[in-house]
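Read off the chains here:
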Amino acid sequence: MSDRVSWERCPSCGGPAAAGWQASTGPDGLLVGEDLVEFDCSSGCSLLLREVTETFRASGRMP
């Protein structure tokens, strides 16, 4: 389940896609970032979450 949803560009087709993010915390319980936990392309592209995460990291779009 996502804590936050954003609209992103699908790395496969370039169309709009919903990205679900979940807060990640360190061992001390403090927020350290967000992890991509859901991705749904409006065109129906079938991508593995790992592929999308790698693409977002490479482009600097990971929060």
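Note that the structure is predicted; figures quoted are calculated from it, not measured.

Procedures and definitions
- Residues numbered from 1 in each chain as written.
- Predicted model: local features only at pLDDT ≥ 70, side-chain atom pairs only at ≥ 80, totals over all residues.
- Heavy atoms only, no water.
- Phe/Tyr/Trp six-rings, centres within 6.5 Å; stacked < 30°, edge-to-face > 60°.
- Helix = DSSP H or I, 4+ residues; strand = E, 2+ residues; numbered from the N terminus.
- Buried < 20%, exposed > 50% of the residue type's maximum accessible area, 1.4 Å probe, protein only.
- Polar contact = N/O pair within 3.5 Å; in protein donor to acceptor, adjacent residues only side chain to side chain.
- Pairing = 2+ DSSP bridges.
- Axes fitted to C-alpha atoms, helices over the stretch in contact; angles between N-to-C directions.
- Contact = heavy atoms within 4.5 Å.

Caption draft 1: Structural view of the packing of aromatic side chains. Under the criterion given, the structure shown has two aromatic pairs. Here Trp21 and Phe56 contribute two aromatic rings whose centre-to-centre distance is 6.2 Å and whose plane-to-plane angle is 25 degrees, an arrangement assigned as stacked. Placement of Trp21 in strand S2 (residues 16-25) and of Phe56 in helix H1 (residues 49-59) is noted, with a sequence separation of 35 residues between them. As far as burial versus exposure is concerned, Trp21 and Phe56 are alike and both buried. Relative to Phe56, the ring of Phe39 lies with its centre 6.0 Å away and its plane at 80 degrees, an arrangement referred to as edge-to-face. Linking Phe39 in strand S3 (residues 31-41) with Phe56 in helix H1, this pair joins segments that are 17 residues apart in sequence. The two residues Phe39 and Phe56 agree in class, both being buried.

Caption draft 2: Looking closely at the environment of Ser6. Of note, Ser6 is situated in strand S1 (residues 4-9). A sequence separation of 45 residues divides Ser6 from Glu51, and the C-alpha atoms of the two residues are 18 Å apart. Separated by 2.8 Å, the side chains of Ser6 and Glu8 make a polar contact.

Caption draft 3: Representation of the sheet that holds S2 in the model. Read across the open sheet, the three strands follow the order S1-S2-S3; overall the sheet is antiparallel. Looking at the sheet topology across the chains shown, the edges are occupied by S1 and S3. Each strand of the sheet is rotated relative to its neighbour by a mean of 35 degrees, with strand direction disregarded. Of the pairings in the sheet, the one linking S2 to S3 comprises nine bridges and is antiparallel in character. Residue pairing across strands places Ala23 opposite Glu34, the latter belonging to S3. Most of the contacts of H1 go to S3, to which it runs at about 125 degrees, and overall it touches S1, S2 and S3.

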